[in-house]
Every structure is written in structure tokens, then in C-alpha cells.
Amino acid sequence: MDGRRVAVVGAGAVGATAAHDLATRGDEVWLFDAGTVASGASGRAAGVCYDAFAEDVDAVVAERALARFRELDAEGGFDWSFTDHPYVWLAREGDGGRAEAIREQVPRMRAHGRRVDLLDGDALRAEFPALRADIEVAAVARDAGYADPGSYTRAMADRAVDAGVRLREGTPVALAAPANDGAETAATPRLRVGGESRAFDTVVVAAGAHTARLLGDAGLPVPVKPYRVQAAVTAATPLADRVPQLYDATGGYYCRPREDGLLVGDGTEPIERDPDDWREAADGWFLDDCADHLRDAVGTAPAVERAWAGLCTATPDGDPLLGERAPDVVVAAGWQGHGFMRAPALGERIARGIHDGDWCRPFDPARFDGDESFDIVEGMLVGE
Ligand SMILES: Cc1cc2nc3c(=O)[nH]c(=O)nc-3n(C[C@H](O)[C@H](O)[C@H](O)COP(=O)(O)OP(=O)(O)OC[C@H]3O[C@@H](n4cnc5c(N)ncnc54)[C@H](O)[C@@H]3O)c2cc1C
């Protein structure tokens, strides 16, 4: 059906893209954010993007996301850019388990058409001499790059507004519980906006760390848990021009060039956080770890200039929830720290799902009851 009245809750990278794509299909779209555009995880993310996934649905989504990042960059006209840059993940000597896992992942990714090379330490360092030695094995995703997630999200929200989306910042909304009075026709979803109750044909909940609370309060539980991660940016260093994007599976950290410095992250705490009560500043132990990680990666530790924390979302099986949780109530969350890199494709999928019923089946929220108990497992782990 065309010309639906759709509310998107959450103006992060996913919600802003979905709102834009729905509006360009002719829908009347409202985009609500409790704070400002990109005030959630999307304004705090590292911006690492790659297509190196071993499952077919993930590979397809990631490929489309990268292609769309590049299309948007080529179109120009807004303050945002995508930089092509390889993504490397590696295991150090003596870490046989992770080395084996990387060797096993690469052929599966290549089977899905991903341009991923398997290199030994010498071959990797021939390409990136700034990297410290003692690398056992590395995989290099050639189709990868980085972008500033906050800038992308603000640019996409601007495009959405240009396409007719009614953006309402500073507007926390609540979902009303679906009517359960035995009526044969499904109730229209309603949002409480300020003191008002408003009806929509479809509500998309892309509320990041608040997703489970928002849906749970409406009697629609979903197994999505917020967890805290941290990142830091260093002072300018000549090394910024000489490193790939890197995930050291043995050390459990990542880094990438960022402007003239390096961005480094780890600090994943497998603890469920209250999305309204968590520490936004980085911890001292994380800053100490960053110096160790940088020395591990490139043999020196440029001074950290800025550090912060943010909330990611986990699910029981590590796959996201993307689809209808109840009739005309769509959930889009649980990206396990990989939501930004897939946002351009996820927004498109939400529009396709709502209009054509074409959802990614492996991400169907109906695979869960919502009351599952599970441990938070960080999204980048290799071989555990
Ligand atoms: C430090 C860090 C590094 C990361 N690095 C990467 C990376 O390199 N690559 C990558 O792909 N991903 C990365 N991520 C993950 C990425 O940030 C997220 O997966 C992605 O931004 C999620 O986008 P989203 O639109 O789903 O949610 P969010 O950006 O969290 O947006 C949700 C929005 O919903 C709003 N909201 C919540 N409740 C309500 C309500 N009741 N009413 C109205 N609005 C509401 C919030 O204000 C928020 O703006 C990182 C995350 C962090 C914290």
C-alpha cells in the first residue's frame, strides 16, 4: 500500500535512513527523537565499515550498504564523505585458536563474493610497514572504508526533511499497548507524543538502547540488551597515513585512521546497562588500555585527546531484530556494534519490508519470545 502514515522513533543512522527512504516512496513520515539527530549511538560510533561477513544475508546487506555509502558520497551536496580504506583483522603468534578461526572465515566470505585476502604477517607488513611484527595471520577486506557516523546521520536527516519528513527533535514518544479486546481487525498503532495520542499506519521503533524498554512498556518484549563500549582519538601522528583499519582479535581492540590521528576502541563490557543511567565519559582503565593497544598495534602510543562511551545493543544470537514485532509495529535494533556500517541498507530494507513485505527472514523478531535470558557477547569476537 502506498502513501502510509508512518512514525519512525529514533533519529539515529538507521531511523534517519528509513525515514528518508519511506518518504521517497510517498509516505507521510514523522521522525521523532527524544534528543537531537545522532544523539544516540550514531553520534558516538567509530565509523568502521566493511563487508567481511560470512553469512549470506549479512554479506548482501553489507555490500549494499557500502555501495550506497559511495553513491551518496558521489552525489555530494551535503557535509559528509566516505573514505575507501581496507579493513584488516588479525591474530598474533601463539594465538592458534583465533588464527585458525580467521583461516576458516576467509573462504566462507569469499564464497559470498567478498574480496577478502588471507595473508601471513610478512605479507601484511609488506603492505602496512607501520604495523608491529608477531602477526600469525591476517585477513584483509578490500571492500571497506570509514565515515563519520554523526555527519552521515545529520546529512541523512537533512535529506529526509527535504523529502518531506516531519522531524521532531526533543520529542520523546511512548508506544501504546496494542488493543487486545478480541477484535478481528488489528488495532492501529498509536504513539503518545506530549500529551496527545496519535495513530499511525505503521510505527518503526529504531530507538537504539531504548528499544527494549519502549516496546516492553507497550507489552511487546524483545530480547535486546544495551551494553557499553568506549572509544578514543589520539593527537596527530604520521602513522595515521600508514595503518589500515585494524581489529586485533588477540588483543581485543580496533583502530583506524581518523583525520590526522588514530581512533582506538575496545572496552566492551558484557553487562546490561540501564539506557537512562550509564556513564558517558570514558573510564581510566580504558585510557590505560588504549596506550597498550596502540603500542601493540604500531609500537608507539600517541597521546589520547578525547575519549567517550556509548551504548550498543545485543541479542541472544548476535543477529539483529528487523521486522514486525506486532502488526504494523516494526522493530529495528540489536546491531551488536555493526549498525552504522549497515545503516544505508537497513533503512532501505525497512522501507521494502513495510511496502513489499520483503523482510530479511534471518532477522525476523518472531524467532524470539522476548523473555529469553542470554549473555551479552561482543560483536567483533573471533574464534570464541
Ligand atoms: C563507541 C562506539 C563505537 C562504534 N563503532 C561502530 C563502528 O565502527 N561501525 C558500526 O557499524 N557501528 C559502530 N557502533 C555501533 C553503532 O553506533 C550503532 O549500531 C548504530 O549507530 C545504531 O544506530 P541506530 O539508529 O539503530 O540507533 P541510535 O543511533 O542509538 O539512535 C536511536 C535514537 O533513538 C532515540 N530515542 C530513544 N528513545 C526514544 C523515545 N522514546 N522517543 C524518541 N526517540 C527516542 C535516541 O535519542 C537516539 O537518537 C559503535 C557504537 C559505539 C557506542
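What counts and how
Residues numbered from 1 in each chain as written. Predicted model: local features only at pLDDT ≥ 70, side-chain atom pairs only at ≥ 80, totals over all residues. Heavy atoms only, no water. Near = heavy atom within 4 Å. Polar contact = N/O pair within 3.5 Å; in protein donor to acceptor, adjacent residues only side chain to side chain. Areas by Shrake-Rupley, 256 points an atom, 1.4 Å probe, with all protein chains shown as cover. Helix = DSSP H or I, 4+ residues; strand = E, 2+ residues; numbered from the N terminus. Nonpolar A, V, L, I, M, F, W, Y, C, P; charged D, E, K, R; others polar. Core = buried A, V, L, I, M, F, W, Y, C linked by side-chain atoms within 4.5 Å. Buried < 20%, exposed > 50% of the residue type's maximum accessible area, 1.4 Å probe, protein only. Domains from an automatic or database assignment. Contact = heavy atoms within 4.5 Å. Buried area = accessible area lost by both parts, 1.4 Å probe. Salt bridge = Lys/Arg side-chain N within 4 Å of Asp/Glu carboxyl O.

## A look at the site of the ligand
And then number 1: Taken together, the neighbourhood of the ligand is formed by 39 residues, with Asp33, Ala34, Ser42, Trp335 and Met341 sitting nearest.
And then number 2: Measuring from an oxygen atom of the ligand, one finds a side-chain N or O atom of Ser42 at 2.5 Å.
And then number 3: For the ligand, whose unbound accessible area comes to 1000 Å², protein coverage reaches 93%.
And then number 4: Contributions of two or more residues to the shell around the ligand are made by helix H1 (13-24), strand E14 (225-234) and strand E18 (304-314).
And then number 5: When grouped by side-chain class, the residues that make up the shell around the ligand number 22 nonpolar, 15 polar and 2 charged.

## Comments concerning the nonpolar core
And then number 1: One finds Trp80, Trp89 and Tyr152 to be the most contacted residues of the largest nonpolar core, which totals 74 residues.
And then number 2: Counting contributing residues, this core receives three or more from each of domain 1 (5-47 + 149-223 + 316-367) and domain 2 (85-142 + 226-314).
And then number 3: Residues contacting Trp80, with those up to four places away along its chain left out, are Phe69, Leu72, Asp73, Ala147, Asp148, Ser151, Tyr152 and Ala155.

## Brief notes about the domain arrangement of the chain
And then number 1: Domain assignment breaks the chain into domain 1 (5-47 + 149-223 + 316-367) and domain 2 (85-142 + 226-314).
And then number 2: Taken over C-alpha atoms, the centre of domain 1 sits 30 Å from the centre of domain 2.
And then number 3: Domain 1 puts 14 residues into the contact, and the matching count from domain 2 is 17 residues.
And then number 4: Between domain 1 and domain 2, the buried area comes to about 1300 Å², and carbon and sulfur atoms account for 48% of it.
And then number 5: At the boundary of domain 1 and domain 2, one finds 3 salt bridges.
And then number 6: Where Glu280 meets Arg44, a salt bridge forms, and the shortest distance between an N and an O atom there is 2.7 Å.
And then number 7: Between domain 1 and domain 2 we count 10 residue pairs in polar contact (both at pLDDT 80 or more) in total.
And then number 8: Here the residues of the side of domain 1 that touches domain 2 sort into 6 nonpolar, 6 polar and 2 charged.

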